[in-house]
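Each chain, letter by letter, is given below.
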Amino acid sequence: MSQRRSGLLSGLIAGFIAMLLGAASYAAVETFFYRLSYEARWFGGDPAVVFPAALSFLAGLIIGLAAWTVRARNLFLPMAALLYAVGARTLGSVAGAVGLRWEQGFPATALQEEATRAALALWSVAQTSWQFWATVGAAAVPAFLLTLLRVLRMRRKAAAAETRAEEDQPEPEYRDPFEPVQPPKPTSTAAAVSLFTPRDPDKDAPPATR
C-alpha cells in the first residue's frame, strides 16, 4: 500500500501541525496561569497536577481530532500520534516555562538560556516524578485512541468498497474446454451435402435440348 493511497503522509503532516498547536496551547496557558485568581487556580485541586493533566489532555485531543481531517488507513499513524502527544507535552512545558520568564520581565537575550534550563529541569522531573508520566498519558491516550479509531474505520470502508466492487463484476460465462470461442460459420447447402449421398437419376439428369 503506497503512502499516497494510505494517507500516511497527509496524516503525519496534520499530526505535526496539531502537535505544534497543542504545545502552543499548553505554553500559553502556563504562561498566563498565574494571572488567574487564587480560587480559579485551586478550583479543581492542586494546580501542579490538575492543570498539566488538563492541558495535556487538550493537546492529545487536538492531535487525535487532526487525524479525522484526513482519510488515513495506515496503522503506523496511531503510533506517530502517540509520539506527537509526548512531543506536545514536552514542548509545551518548555515553551511555557520560557513564556513565564518572559512574562516576569526576563530579557529576550536570556530566553535561550531559560529554555535550556527548563529542558534540563523537565528531564530531571521525568526521571523522578510519576506525575509527569501521568500527564504524558493524559495526552497520549486520546491522541492514540482517536487516531486508531479513525484508521480502523477507514480500513473497514476500503475493504467494504473492494468487496462491493468484486461482487458487481459479472461472472465469466462457462465454456467447455473444447468449445471454440466463436461458433463455426454456416456453410452453403451444396458444400454441406455429403459426397456419398446417392443421386436421383431423374433429378440429376441434364435437361433435354431440342
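Everything quoted here is computed from the prediction, not taken from an experiment.

Moving on, we get to the layout of surface pockets. In this model, the largest pocket occupies a volume close to 770 Å³. Those elements that provide at least two residues to the lining of the largest pocket are α2 (8-31), α4 (47-66), α5 (76-103), α6 (111-128) and α7 (130-168). Sort the elements by how many residues they give to the lining of the largest pocket and α4 lands first, with seven residues. Here the lining of the largest pocket is composed, by residue class, of 21 nonpolar, five polar and five charged.

A cluster of basic residues, R71, R153, R156 and K157, forms a positive patch on the protein surface. Along the chain, K157 turns up in helix α7. Residue K157 is classed as partly exposed on the basis of its relative accessible area, which comes to 42%.

With that out of the way, let us pick up the packing of α5 against α6. Helix packing geometry: the angle between the two helix axes and the distance between the axes. Look at α5 against α6: their axes get within 9 Å of each other, and the N-to-C directions meet at 135°. If you check the angle between α5 and α6, you find them oblique. Judged by the twist between their axes, the crossing of α5 over α6 is right-handed. Contacts from T90, S93, V94, A97, V98, R101 and W102 in α5 reach L111, E114, A115, A118, A119 and L122 in α6.

A few words on the packing of α2 against α5. For the pair α2 and α5, the least separation of the axes is 7 Å and the interaxial angle reads 30°. Classified by the interaxial angle, the pair formed by α2 and α5 is roughly parallel. As α2 packs across α5, the resulting crossing turns out to be right-handed. Classifying every residue of the contact of α2 with α5 by side-chain character gives 16 nonpolar, eight polar and three charged.

Quick notes on the rules
All residue numbers refer to positions counted from 1 along the written sequence of the respective chain. Only residues with pLDDT of 70 or above have their local features reported here, since the model is predicted, and side-chain atom pairs are shown and tallied only from 80 upward, although totals for entire chains, interfaces and linings are computed over all residues. No hydrogens and no water enter the side-chain calculation; it runs on all heavy atoms of the structure. Lining residues are defined by having an atom within 4 Å of a point belonging to a cavity or pocket. Those points lie on a 1 Å grid over the protein atoms alone, cavities being sets where a 1.4 Å probe fits but cannot get out and pockets being open sets with protein on both sides within 12 Å along at least five of seven lines. Grid points are joined across faces, edges and corners, and a volume is the space filled by probe spheres set on the points. Runs of H or I in DSSP of at least four residues are treated as helices and runs of E of at least two as strands, each being numbered from the N terminus. For this classification, Asp, Glu, Lys and Arg are treated as charged, while Ala, Val, Leu, Ile, Met, Phe, Trp, Tyr, Cys and Pro are nonpolar and the rest, including Gly, are polar. Within this analysis, patches are made of residues with over 30% relative accessible area and no salt bridge. Like charges are joined at 9 Å or less; nonpolar side chains (Val, Leu, Ile, Met, Phe, Trp, Tyr) at 5 Å or less. Each accessible area is a Shrake-Rupley result for a 1.4 Å probe, and residues are judged covered by the shown protein chains and nothing else. We define a salt bridge as a side-chain nitrogen of Lys or Arg found within 4 Å of a carboxyl oxygen belonging to Asp or Glu. Only four residue types enter the charge count: Lys and Arg as positive, Asp and Glu as negative, with His and the chain ends excluded. Positions of charges follow a simple convention, taking NZ of Lys, CZ of Arg, CG of Asp or CD of Glu. Only protein chains enter the calculation, and the probe is 1.4 Å; a residue is then buried if its accessible area is under 20% of its type maximum, exposed if over 50%, and partly exposed in between. Between N-to-C directions, angles span 0 to 180 degrees; the directions come from axes that are lines fitted to C-alpha atoms, helices contributing only their stretch in contact. For classification purposes, angles smaller than 35 degrees are called roughly parallel, those larger than 145 roughly antiparallel, those between 65 and 115 roughly perpendicular, and all remaining angles oblique. The sense of a crossing depends on the near helix, which, turned anticlockwise from the far helix by less than a right angle, makes the crossing left-handed and, turned clockwise, makes it right-handed. The contact rule is simple, with two residues in contact once any of their heavy atoms fall within 4.5 Å.

What is shown is where atoms sit, not what they do.
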